[in-house]
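Summary of structural features
Listed below are the residues making up each chain.
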Amino acid sequence: MVGKTKLSFTGISTFCRTPHISEIDKVQADVAVLGIPYDEAVGYRPGTRFGPRSIREYSMRFPYFDENGGQKGYWNIEKRQWFLKKTTMVDCGDVDVVPLAMSYVHQQIEESIKSLLRRGALPVSLGGDHSVTYPVFKAFERIGPLSLVQFDAHLDRRDTVGGVKYGHGSPIKRISELDFIEKIVTIGLRGLRAPEEDYLAAEARGEILIPAQTVREIGTDEVLNQIPSLGKCYVTIDIDALDPALAPGTGTPEADGFTLHQLKEMLSGLAARNKIVGFDLVEVNPYLDPSGRTSLFAAQLIVEFLGAIFG
Ligand code: MN
Ligand code: MN
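Now for a description of the structure that goes with this document. Per chain, residues are indexed from 1 in the order of the written sequence. Numbering of ligands from 1 and lettering of chains from A proceed in the order in which they are written. Selection of residues for local features in this predicted model requires a pLDDT of at least 70, selection of side-chain atom pairs for listing and counting requires 80 or more, and totals for whole chains, interfaces and linings are taken over all residues. Computation of side-chain values: all heavy atoms of the structure, hydrogens and water removed.

**A look at the coordination of the manganese ion (ligand 1)**
Distances define the donors: N, O and S atoms within 2.8 Å of the metal qualify, as do those within 3.2 Å of Na, K or Ca. Water is excluded, so some sites may look unfinished. Protein ligation of the manganese ion (ligand 1) involves Asp 152 (OD), His 154 (ND1), Asp 238 (OD), Asp 240 (OD) and Asp 240 (OD), the donor distances falling in the range 2.0 to 2.6 Å. Read from N- to C-terminus, the donor residues coordinating the manganese ion (ligand 1) fall into the pattern D-x1-H-x83-D-x1-D. Here the manganese ion (ligand 1) and the manganese ion (ligand 2) are spaced 3.2 Å apart, with Asp 152 acting as a shared donor. The exposure class of Asp 152 is buried, given its relative accessible area of 0%. Burial here depends on accessible area, computed with a 1.4 Å probe over protein chains only, as a share of the maximum for the residue type. Under 20% is buried, over 50% is exposed, and the range in between is partly exposed.

Following this line, the structure appears as structure tokens:
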């Protein structure tokens, strides 16, 4: 039989070898993965449009949602515990992307996420550049009020760049303007390019801004203890929160980022303290990482975050 022995390098790539469902209105699963291969909002080095495909390819190392006789869930050797044994997941493929048609793409993203929420699935979006988080988050209006936690080296709170409001440097500012936004927390800030006025304006709005250095100084647990309860919470993970030595495949790397362990600890701590209603992982650019480890660690972060959310 073709493909009977399922190895990481064989078969057609879906996220973690989940079944592919092309009709979103028929999704029946706890989790639905959606690719958003869009990178026209990038201000520096493009290529994240290839992120979803690359993350899917490397996620085949974690084939824990195979409906056809494969292993269900995974055993964590560090915790000596099983995760995701009963969690079901599907891969919905990619949102329709048309070059130079940003409002069409935003509409496709919003409608796709709304459909997944109607189906009761937890949406996991694979970017794409960080601009996609705004239309994704907007789709959650019906289940608001909602808090946002952003892991990122950057503020992403530019009001406009050259008069444009929807670049990948602006999604958090756009989200801060929505009616149903509750609290906003950003963890991982660093680098020499942060605009002071954006920082001060965010602080004045009551947003919680945590530099990467604070996490190094007081540890992940204490950082989470200092954040008030967030209730329902959406999480956006910019892969540049990780140190570029670990995750070089990203357009705007900043030195002195998180270890995989630190980011995993904070994600699982957030899941233990709040109700996570969806998340995305953005800014993976496989063309800047021939080793593939950025995509591999991105896939692993998603699997372990789901493990923390669903147990
Ligand atoms: Mn960033
Ligand atoms: Mn970002």
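**A look at the pattern of salt bridges**
Counted as salt bridges are all cases of a side-chain nitrogen of Lys or Arg within 4 Å of a carboxyl oxygen of Asp or Glu. Summed over all chains, the structure comprises 15 salt bridges. Between Glu 207 and Arg 157 there is a salt bridge, with its nearest N and O atoms 2.8 Å apart. Of the two residues, Glu 207 sits in the loop between α5 (196–204) and β8 (208–211) while Arg 157 sits in the loop between β6 (146–151) and α4 (171–176), which places them 50 residues apart along the sequence. Here the two residues Glu 207 and Arg 157 agree in accessibility, since each one is buried. Arg 174 is paired through a salt bridge with Glu 177; the nearest N and O atoms lie 3.0 Å apart. You can call Arg 174 buried: its relative accessible area is 2%. Here Glu 177 falls in the partly exposed class, since its relative accessible area comes to 42%. Residues participating in the shared-partner salt-bridge network are Asp 159, Lys 173, Arg 174 and Glu 177. Helical segments are the DSSP runs of H or I of at least four residues, strand segments are the runs of E of at least two, and each set is numbered from the N terminus.

**Some remarks on the pairing of strand β7 (residues 181–189)**
Counted residue by residue, β7 has seven buried out of nine residues, so it is predominantly covered. We treat two strands as partners when DSSP finds at least two bridges between them. Sheet topology note: the β6/β7 ladder contains five bridges and is parallel. Of the residues in β7, the one forming a bridge with Val 149 is Val 185. Read as a crossover between parallel neighbours, the route from β6 over α4 to β7 is right-handed. Where β7 and β8 come together, four bridges link them in parallel fashion. The partner of Thr 186 across the bridge, within β8, is Leu 209. For crossovers, right-handed means that the path from the first strand over the helix to the second runs clockwise, given strands pointing away from the viewer. The parallel pair β7 and β8, bridged by α5, forms a crossover whose chirality is right-handed.

**Description of the coordination of the manganese ion (ligand 2)**
Where a metal carries four tetrahedral donors, each ideal angle is 109.5 degrees; where it carries six octahedral donors, the ideal angles are 90 or 180 degrees. Bound to the manganese ion (ligand 2) on the protein side are His 130 (ND1), Asp 152 (OD), Asp 156 (OD) and Asp 238 (OD), at distances that span 2.0 to 2.2 Å. In terms of primary sequence, the donors binding the manganese ion (ligand 2) are separated according to H-x21-D-x3-D-x81-D.

**Examining the pairing of strand β5 (residues 122–127)**
In terms of burial, β5 is a largely internal element, six of the six residues being buried. The side-chain alternation of β5 yields two buried faces, one formed by Leu 122, Val 124 and Leu 126 and the other by Pro 123, Ser 125 and Gly 127. Inspection of the sheet shows strand β1 (residues 31–36) paired to β5 by six bridges, in the parallel sense. Each bridged residue has a counterpart across the sheet, and for Leu 34 the counterpart in β5 is Ser 125. Here β5 runs beside strand β10 (residues 275–282); their pairing, made up of three bridges, is parallel. Bridge pairing in β10 links Val 124 to Phe 279.

**Notes on the side chain of Ser 176**
Topologically, Ser 176 is positioned in helix α4. In protein, a polar contact requires one atom able to donate a hydrogen and another able to accept it; more generally it is a pair of N or O atoms within 3.5 Å, and residues adjacent in sequence count only if both atoms are side-chain atoms. At 2.6 Å, the side chain of Ser 176 and the backbone oxygen of Lys 173 are in polar contact. In this analysis, two residues are considered to be in contact whenever any of their non-hydrogen atoms come within 4.5 Å of each other. What Ser 176 contacts, discounting residues up to four positions off in sequence, is Ile 181, Ile 184, Arg 205 and Glu 207.

**Side note on the sheet that holds β8**
Taken in spatial order, the eight strands of this open sheet run β4-β1-β5-β10-β9-β6-β7-β8, and their pairing is parallel. Across the chains shown, the open sheet's two edge strands, defined by having one partner strand only, are β4 (89–94) and β8. Sheet twist, expressed as the mean angle between neighbouring strand axes with direction ignored, is 15 degrees. Note on definitions: angles span 0 to 180 degrees between N-to-C directions of axes, and those axes are lines fitted to C-alpha atoms, for helices only across the stretch in contact. Across the face of the sheet, helix α9 (residues 293–310) comes into contact with β1, β4, β5, β9 (232–238) and β10 while running at roughly 180 degrees to β10.

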